[in-house]
Amino acid sequence: VQDRVQKGKPYANTMAQLVGALAPSVKDFSHPLLENREVSRVLVVVIAGDKGLCGAYNSNILRLSHRFLDEQIAKYGKDGVSLVTVGKKATEYFSKRDYKPVENFPGIGPETPYEVIRAISNTLTGLFASGQVDEVHICFSEFVSPLVQRPQSVKFLPIEPPAASGEADAGKTGDFIFEPKVEELLGVLLPRYVETRVYQILLEATASEFGARMTAMSNATKNAKEQIDKLTLVANRTRQAGITKELLDIIGGAEALNK
């Protein structure tokens, strides 16, 4: 999973750069995924695991997402905030606290088909493009290393191209001739860009979960071995004390018979 994350980042970064280079060169171009609206309804996506035994991974992301969800509810009211969960832990956690997800998905693993990733992406883009929500935010754990996972929330939709605000970057597009037209190209690239971001975020979350589980199980194994050593020492001392007592009883009985 770590290898997939590292291999996927260059593709995702290049896709972001391409969208950022194209967007400033298009005038009067509108696309549902780029539409900035007055925010009155927000969708929060929470990505957690299906299982426990992974240290504080689930509790950290659930704590952060719960706090973020409450902040959005304070702004827009409970009717203005929708929830989508990925992973059983997230679904169970929020269902017990009277937050009913509009959609829930199972946890993502290394062998999850890409169709599942596309279904999650289509759900998010569908809710946004149809106007049911005005913004989409995703809460997940960024994978830094097997020992470090960083819970965070990111604004996912509407798309804000990284280079769209820079005049220098906007000028670079003049060196290119696009075929087909830039508008047609963006119409294809934007949905692909969203899928790529969803896939990369899910990979980050999966790698974070596995890293946290590996660390937790390593610590558990180390602690178990230490406990076994301590208990073995106690058992040996107890056995030795028992043998010594029996020997003293035998010697005392023999001395009594001799007398």
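Since the model is a prediction, treat every value here as computed from it, not as a measurement.

With respect to the overall build of the protein chain
Summing up its helical and strand segments, the protein chain has 6 helices and 5 strands in all. The secondary structure elements of the protein chain, listed N-terminal to C-terminal, are α-β-α-β-α-β-α-β-β-α-α. Relative to its length of 259 residues, the protein chain is extended, with a C-alpha radius of gyration of 29 Å against a globular reference of 18 Å. The proportion of buried residues among the 259 residues of the protein chain is 37%. For the protein chain, long-range pairs separated by at least 24 residues make up 76% of all intrachain contacts whose partners lie at least 6 apart in sequence. With the model as given, the accessible surface of the protein chain reaches about 15100 Å², and the carbon-plus-sulfur share is 54%. The protein chain carries 31 positive and 31 negative side-chain charges, and their two centres are separated by 8 Å.

Observations concerning the nonpolar core
Grouped together as the largest cluster of nonpolar side chains are 38 residues, with contacts concentrated most on V45, I47, I138 and F156. Of all the secondary-structure elements, those providing two or more residues to this core are α1 (2-22), β1 (42-47), β2 (81-86), α4 (114-129), β4 (135-145), β5 (148-157) and α6 (182-258). Ranked by the residues each element gives to this core, the list is headed by α6, at 11 residues. In this structure I138 touches V45, I47, L124, Q152, S153, V154, F156 and I201, once residues within four positions along its chain are discounted. Counting residues in hydrophobic clusters, the runner-up holds 17 residues, among them V44, L64, F68 and A90.

What to know about the side chain of S65
Relative to the helices and strands, S65 is located in helix α2 (residues 57-76). A polar contact is formed between the side chain of S65 and the backbone oxygen of L62, at a distance of 3.1 Å. Ignoring sequence-local partners within four residues, the contact set of S65 consists of V46, F94 and C139.

Observations regarding the packing of α1 against α6
One way to put it is that α1 packs onto α6 with a least axis distance of 9 Å and a crossing angle of 150°. On the basis of the axis angle, α1 is roughly antiparallel to α6. The chirality of how α1 crosses α6 is left-handed. Residue-level inspection shows R4, V5, G8, K9, Y11, A12, M15, A16, L18, V19 and L22 of α1 in contact with α6, the latter providing V182, L185, L186, L189, L190, R192, Y193, T196, Q200, L203, E204 and A207. The class makeup of the residues in the contact of α1 with α6 is 16 nonpolar, 3 polar and 4 charged.

Concerning unusual backbone geometry
The step from L157 to P158 runs through a cis peptide bond, and the omega angle for that step is 0°. Note that P158 resides in the loop between β5 and α5 (167-172). A positive phi angle, near 55°, is found at L53, a position not held by glycine. Its place among the elements puts L53 in the loop between β1 and α2. Under the relative-accessibility criterion, L53 is labelled exposed at 66%. Phi at D98 takes a positive value of approximately 65°, unusual for a residue other than glycine. Note on placement: D98 falls in the loop between α3 (88-95) and β3 (103-105).

Remarks on the confidence of the model for the protein chain
Per-residue confidence for the protein chain gives a mean pLDDT of 87, with 92% of residues at or over 70. α5 is the least confidently modelled element of the protein chain, averaging 44 in pLDDT, while β1 averages 96, the highest of any element. Scored below 50 in pLDDT, residues 163-173 shows 10 contacts in the model against residues more than four places distant or in partner chains.

Quick look at the sheet that holds β4
Sheets are built from strands that pair by backbone hydrogen bonding, the pairs being arranged parallel or antiparallel. Taking strand neighbours across the sheet as the criterion, the 5 strands line up as β3-β2-β1-β4-β5 in an open arrangement whose pairing is mixed. The sheet is open, and its two edges are formed by β3 and β5, each paired on a single side. Sheet twist, expressed as the mean angle between neighbouring strand axes with direction ignored, is 20°. Bridge count for β1 against β2 is 6 bridges, and the pairing is parallel. In the sheet register, V42 faces β2, and the bridge partner there is V81. In the packing of α2 onto the sheet, contacts are made with β1, β2, β4 and β5, and the angle to β1 comes to roughly 175°.

Reading the values: the criteria
- Residues numbered from 1 in each chain as written.
- Predicted model: local features only at pLDDT ≥ 70, side-chain atom pairs only at ≥ 80, totals over all residues.
- Heavy atoms only, no water.
- Helix = DSSP H or I, 4+ residues; strand = E, 2+ residues; numbered from the N terminus.
- Rg over C-alpha atoms; globule rule 2.2 N^0.38 Å.
- Buried < 20%, exposed > 50% of the residue type's maximum accessible area, 1.4 Å probe, protein only.
- Contact = heavy atoms within 4.5 Å.
- Areas by Shrake-Rupley, 256 points an atom, 1.4 Å probe, with all protein chains shown as cover.
- Lys, Arg positive; Asp, Glu negative; His and termini not counted.
- Charge placed at Lys NZ, Arg CZ, Asp CG, Glu CD.
- Core = buried A, V, L, I, M, F, W, Y, C linked by side-chain atoms within 4.5 Å.
- Polar contact = N/O pair within 3.5 Å; in protein donor to acceptor, adjacent residues only side chain to side chain.
- Axes fitted to C-alpha atoms, helices over the stretch in contact; angles between N-to-C directions.
- Parallel < 35°, antiparallel > 145°, perpendicular 65-115°, else oblique.
- Left-handed = near helix turned anticlockwise from the far one by under 90°.
- Nonpolar A, V, L, I, M, F, W, Y, C, P; charged D, E, K, R; others polar.
- pLDDT = per-residue confidence, 0-100.
- Pairing = 2+ DSSP bridges.

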